[in-house]
Protein chains: 2
Amino acid sequence: MEKAFKNLLKSEFPFLCQSKLLLAVSGGVDSVVLAHLCKLAKLNFSIAHCNFNLRDAESDADEEFVLDLAERLEVEVFIENFDTMAYAEDNKISIQMAARELRYHWFEELRTSLKFDYILTAHHANDNLETFIINLVRGSGLEGFTGIKAVNNSVIRPILPFSRKEIEAYAEEHKIKWREDSSNASNKYLRNKIRHDIVPVLEELNPQLLDGFANTQSHLNDSLNLVEDYIGLIYPEVVSKTMYGYNLNINFLKKLPNTKAVMYQLLKTFGFTEWEDVYQLLDAQPGKLVYSESHRLIKDRDVLILTEKESEQKKVEYLIKEGEDIVMLPIGRFSLSEVEEISKTAPNCVYLNKEKLTFPLVLRKWNTGDIFFPFGMKGKKKISDFFNDNKLSLPEKESTWLLCSGKDIVWIVNRRADNRFAITDPSQKILKITFTV
Amino acid sequence: MEKAFKNLLKSEFPFLCQSKLLLAVSGGVDSVVLAHLCKLAKLNFSIAHCNFNLRDAESDADEEFVLDLAERLEVEVFIENFDTMAYAEDNKISIQMAARELRYHWFEELRTSLKFDYILTAHHANDNLETFIINLVRGSGLEGFTGIKAVNNSVIRPILPFSRKEIEAYAEEHKIKWREDSSNASNKYLRNKIRHDIVPVLEELNPQLLDGFANTQSHLNDSLNLVEDYIGLIYPEVVSKTMYGYNLNINFLKKLPNTKAVMYQLLKTFGFTEWEDVYQLLDAQPGKLVYSESHRLIKDRDVLILTEKESEQKKVEYLIKEGEDIVMLPIGRFSLSEVEEISKTAPNCVYLNKEKLTFPLVLRKWNTGDIFFPFGMKGKKKISDFFNDNKLSLPEKESTWLLCSGKDIVWIVNRRADNRFAITDPSQKILKITFTV
């Protein structure tokens with residue numbers, strides 16, 4: 001394996017010989033063998049070890065072991081202790097996910113602060129095969145079958161082509177000691193079952209399994225890349241950025257040969273789970289919604305509107321006190337002035353009968369049941385009807401501010417004034433309010 | 001299962017109740033249970049059974065069993081005997097492939113001649129899972145992981161969502177007899193090993209395995225469709241049809257983010273195996289070739305030329321005898337006439353000194369080492385150099401005819417005459433030859 005490793009370095013990673021490397025070592029056979037191989041290949045490397053504190057004394061013994069290994073190999077070593085449980089709980093993620101995030105975050109920190117060129121990890125061919133089968137067991141899309149890559153940004157996996165058997169045989173042969181790897185503790189049962197009960201049968205059926213499997217994953221990865229290229233190609237025609245999020249062009253989507261598959265690709269990172277509901281939005285009534293954990297997709301006339309979930313903004317209110325003439329708010333700037341007469345009108349400006357106003361004026365969002373008396377019309381109208389008549393999408397409705405005097409709506413900001421506060425006689429005190437974003 | 005089957009008929013295949021159906025029955029538990037279910041659902045069906053004669057007395061006993069089943073169910077039955085071994089040998093395919101071709105060919109024949117609307121087969125969920133794992137063992141691209149579909153043209157698989165367990169349990173419960181299925185004999189060992197040693201472990205790890213797996217395959221199938229949509233989208237820009245086959249635009253290919261993956265998709269049906277050689281053609285010297293069993297890919301200046309393998313056409317020769325004035329050949333029409341003087345010239349016409357010609361004239365293809373004396377030039381030249389100077393691609397060279405007098409080349413048809421046969425004096429007998437495709 002030493003020779004094969006050196007050949008691989010020469011052919012695939014010649015740059016590693018001139019690089020400053022950080023080697024992730026758990027204490028398991030894979031990373032310990034990789035450390036020995038790096039030493040033999042005279043690479044310039046330091047060792048990093050995470051103590052995830054998930055197995056008490058055992059975790060500490062792992063740490064001891066790695067410290068000792070570094071001393072024997074005469075290389076620099078970095079150790080970091082993590083409260084993995086707490087991190088997982090705080091971030092509502094699995095222990096395994098927490099360990100991975102903590103690990104890569106720390107490695108990346110070390111790499112940039114101490115100017116390492118690359119991080120090396122000891123993933124091998126069986127890791128990919130086991131993950132493939134885990135995803136077969138759990139159910140997965142194409143992404144779950146493509147496997148870890150030998151090079152991914154600054155992370156390099158130089159023993160990915162080798163099997164666990166080869167690595168363990170090398171360790172036995174050279175009397176290299178190691179400790180059981182605790183890094184994938186949370187799916188250990190699943191992985192062990194696959195390692196011991198499934199993979200040997202597959203290898204019996206095809207002794208060249210792992211070589212063929214590398215090709216299989218390379219093929220699958222090619223296919224995944226082509227899917228992504230396709231999405232990239234049609235993206236500008238389907239998706240447009242808006243101030244509320246993204247709009248998806250319904251007509252274009254419907255004309256595609258595989259509409260649902262494209263929608264899945266476009267929306268898969270937004271946490272949706274009810275995919276049939278998502279697909280049915282294409283033919284739903286305007287206003288129909290589907291929620292994910294973090295987002296929502298809204299059927300509008302010609303587009304599906306993707307926005308973040310309605311936040312707490314509905315409850316936000318701002319006040320305009322009597323006498324203020326310039327009011328700077330996060331949403332924009334209101335300027336108020338008493339004027340002699342109504343001059344030019346504009347959508348972002350309103351003229352009010354000041355005597356009728358009750359200060360402080362309140363700026364708030366629309367609530368179900370709100371009514372107003374539209375300027376220039378007789379009688380009252382529901383705000384929701386006014387919105388619909390003007391074909392406002394839900395995000396537009398939600399982002400519209402109402403200027404209120406007590407419970408009465410004075411102005412649908414930038415859209416329509418209310419009759420009750422209109423100037424009806426030249427003798428009235430005129431308050432002009434202008435809103436600028 | 002009877003109720004689930006009827007519900008599935010109602011929701012997914014309501015049209016089957018009004019259709020005339022041909023049910024493929026091997027005698028195995030799957031097809032026998034399907035036959036019973038079809039009877040219970042009062043479907044209008046006949047039974048078709050293939051005797052592949054692969055297991056002597058056993059095969060005949062299967063046939064007997066199906067005849068008996070049809071009698072008990074009171075449905076029409078068709079039996080056909082095949083010499084599967086001979087067919088496999090004749091067509092150089094596996095026994096399994098031969099059985100499949102024979103089966104579907106015969107079914108399709110029955111369907112069209114006897115006006116069946118659909119063919120029903122008894123594939124079930126475990127078939128797809130087993131095939132998935134077989135392809136994992138053997139190595140495969142995305143196509144190998146997408147599985148058989150419930151509906152594929154005129155073939156419908158109405159028990160695809162059911163597991164083998166459910167089907168066997170139904171047979172036990174209703175005391176339905178069956179015979180072991182011999183249809184997948186050639187990979188029986190592999191399939192049985194997977195069925196008995198792998199799938200039970202996977203099901204232990206996830207009791208809902210088969211449900212999740214149906215989703216997985218549906219996802220993978222979506223991805224495959226998107227890959228095909230992508231190839232369809234860029235196809236007109238990469239590929240153009242020519243008289244020799246197809247040209248692939250090298251510049252466009254190189255600009256793609258995943259050139260190799262696209263080349264693989266475009267060329268995968270042409271039997272290439274040395275894919276690295278195929279990819280390296282992009283940057284190879286013009287004239288470099290890669291062969292598949294049936295085709296070849298040729299590096300030309302700006303395109304890769306895909307043509308069928310050079311056939312035996314190189315050895316084809318045609319003769320033009322003395323005195324013939326119109327010669328119709330598969331390659332086009334030659335007209336010969338003696339003329340008084342050289343009138344207008346055109347590429348498809350040549351004026352020769354008749355006295356110098358030795359009849360019959362011979363039409364043949366170019367051979368390495370051929371030389372001629374180009375009209376209007378001094379001295380001789382290799383035909384290959386003439387071709388290269390004129391930037392002819394290999395298929396163009398191969399499709400160019402040489403008109404010869406004995407061993408001498410008289411005319412590179414439609415391209416260049418030879419000095420030795422040129423008219424040098426008005427007193428010479430002028431033979432005008434015109435070639436029209």
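Residues numbered from 1 in each chain as written. Chains lettered and ligands numbered in written order. Predicted model: local features only at pLDDT ≥ 70, side-chain atom pairs only at ≥ 80, totals over all residues. Heavy atoms only, no water.

- Chain A is annotated in an unreviewed UniProt entry as tRNA(Ile)-lysidine synthase of Gillisia hiemivivida.
- Word for word, the UniProt comment on chain A under Subcellular location (unreviewed entry) is "Cytoplasm".
- The record held by UniProt for chain A lists under Catalytic activity (unreviewed entry) the comment "cytidine(34) in tRNA(Ile2) + L-lysine + ATP = lysidine(34) in tRNA(Ile2) + AMP + diphosphate + H(+)". (UniProt positions renumbered as here; feature names shortened; annotations may be inferred.)

## A look at the UniProt feature "domain: Lysidine-tRNA(Ile) synthetase C-terminal" (unreviewed entry) in chain A
So, point 1. In the numbering adopted here, UniProt assigns the feature "domain: Lysidine-tRNA(Ile) synthetase C-terminal" (unreviewed entry) to residues 361-433 of chain A.
So, point 2. Helix makes up 16% of residues 361-433 of chain A and strand 34%, and the two end C-alpha atoms of the span are 12 Å apart. (Helix = DSSP H or I, 4+ residues; strand = E, 2+ residues; numbered from the N terminus.)

## Quick notes on the domain arrangement of chain A
Residue and element names in this part refer to chain A.
So, point 1. Segmenting chain A into domains produces domain 1 (2-205), domain 2 (221-308) and domain 3 (315-436).
So, point 2. Spacing between the C-alpha centres of domain 2 and domain 3 amounts to 36 Å.
So, point 3. On the side of domain 3, eight residues touch domain 2, which itself brings eight residues to the contact.
So, point 4. In total, domain 2 and domain 3 occlude about 620 Å² of area from one another, counting both sides; carbon and sulfur atoms represent 62% of this.
So, point 5. Together, Tyr244, Arg296 and Arg301 form the three largest contributors to the area buried by domain 2 at its contact with domain 3, with a combined 67%. (Domains from an automatic or database assignment. Contact = heavy atoms within 4.5 Å. Buried area = accessible area lost by both parts, 1.4 Å probe.)

## Some details on the packing of aromatic side chains
Residues and elements named next belong to chain B.
So, point 1. A full pass over the atoms with the stated rule returns 37 aromatic pairs over all chains.
So, point 2. Judged by centre distance (5.7 Å) and plane angle (25°), the ring pair of Phe52 and Phe82 falls under stacked. Taken together, the residues Phe52 in the loop between β2 (44-51) and α3 (57-73) and Phe82 in the loop between β3 (77-81) and α4 (84-91) connect sequence positions 30 residues apart.
So, point 3. For Phe52, a relative accessible area of 9% translates into the label buried.
So, point 4. Overall, the relative accessible area of 10% leaves Phe82 in the buried class.
So, point 5. Between the aromatic rings of Phe132 and Phe213, the centroid separation amounts to 5.3 Å while the plane-to-plane angle is 90°, which identifies the pairing as edge-to-face. (Phe/Tyr/Trp six-rings, centres within 6.5 Å; stacked < 30°, edge-to-face > 60°. Buried < 20%, exposed > 50% of the residue type's maximum accessible area, 1.4 Å probe, protein only.)

## Focus: the UniProt feature "binding site: ATP" (unreviewed entry) in chain A
Residues and elements named next belong to chain A.
So, point 1. With numbering matched to this structure, UniProt assigns "binding site: ATP" (unreviewed entry) to Ser26, Gly27, Gly28, Val29, Asp30 and Ser31.
So, point 2. Mapped onto the elements of the fold, Ser26 is located in the loop between β1 (20-24) and α2 (29-40).
So, point 3. Within the local environment of Ser26, its side chain forms a polar contact with the backbone nitrogen of Gly28, the two atoms lying 3.0 Å apart.
So, point 4. Mapped onto the fold, Ser31 is located in helix α2.
So, point 5. For Ser31, a relative accessible area of 5% corresponds to the buried category. (Polar contact = N/O pair within 3.5 Å; in protein donor to acceptor, adjacent residues only side chain to side chain.)

## Considerations on the pairing of strand β3 (residues 77-81) of chain A
Residue and element names in this part refer to chain A.
So, point 1. Across five bridges, the pairing between strand β2 (residues 44-51) and β3 is parallel. Its bridge partner being in β3, Cys50 is matched across the sheet by Glu80.
So, point 2. On the question of chirality, the crossover connecting β2 to the parallel β3 by way of helix α3 (residues 57-73) is right-handed. (Pairing = 2+ DSSP bridges. Right-handed = clockwise from strand over helix to strand, strands pointing away.)

## Notes on the sheet that holds strand β15 (residues 349-353) of chain A
Residue and element names in this part refer to chain A.
So, point 1. Taken together, the four strands give an open sheet; going across it, the order is β13-β14-β22-β15, and neighbouring strands pair in antiparallel fashion. A single partner strand is all that each edge strand has here, and the edge strands are β13 (326-329) and β15. Taken pair by pair, the neighbouring strands of this sheet meet at an average axis angle of 20°, ignoring direction.
So, point 2. The pairing of strand β14 (residues 332-339) with strand β22 (residues 430-436) spans seven bridges and is antiparallel. Residue pairing across strands places Leu336 opposite Ile433, the latter belonging to β22. (Axes fitted to C-alpha atoms, helices over the stretch in contact; angles between N-to-C directions.)

## A look at the sheet that holds strand β16 (residues 361-365) of chain A
Residue and element names in this part refer to chain A.
So, point 1. A sheet is described by the order of its strands in space; here five strands give the open sequence β12-β16-β19-β20-β21, paired in antiparallel fashion. At either end of the open sheet lies a strand with only one pairing partner, and these are β12 (318-320) and β21 (416-417).
So, point 2. One ladder, built from two bridges, connects strand β20 (residues 408-412) with β21; its direction is antiparallel. Paired with Trp411 across the two strands is Ala417, which belongs to β21.

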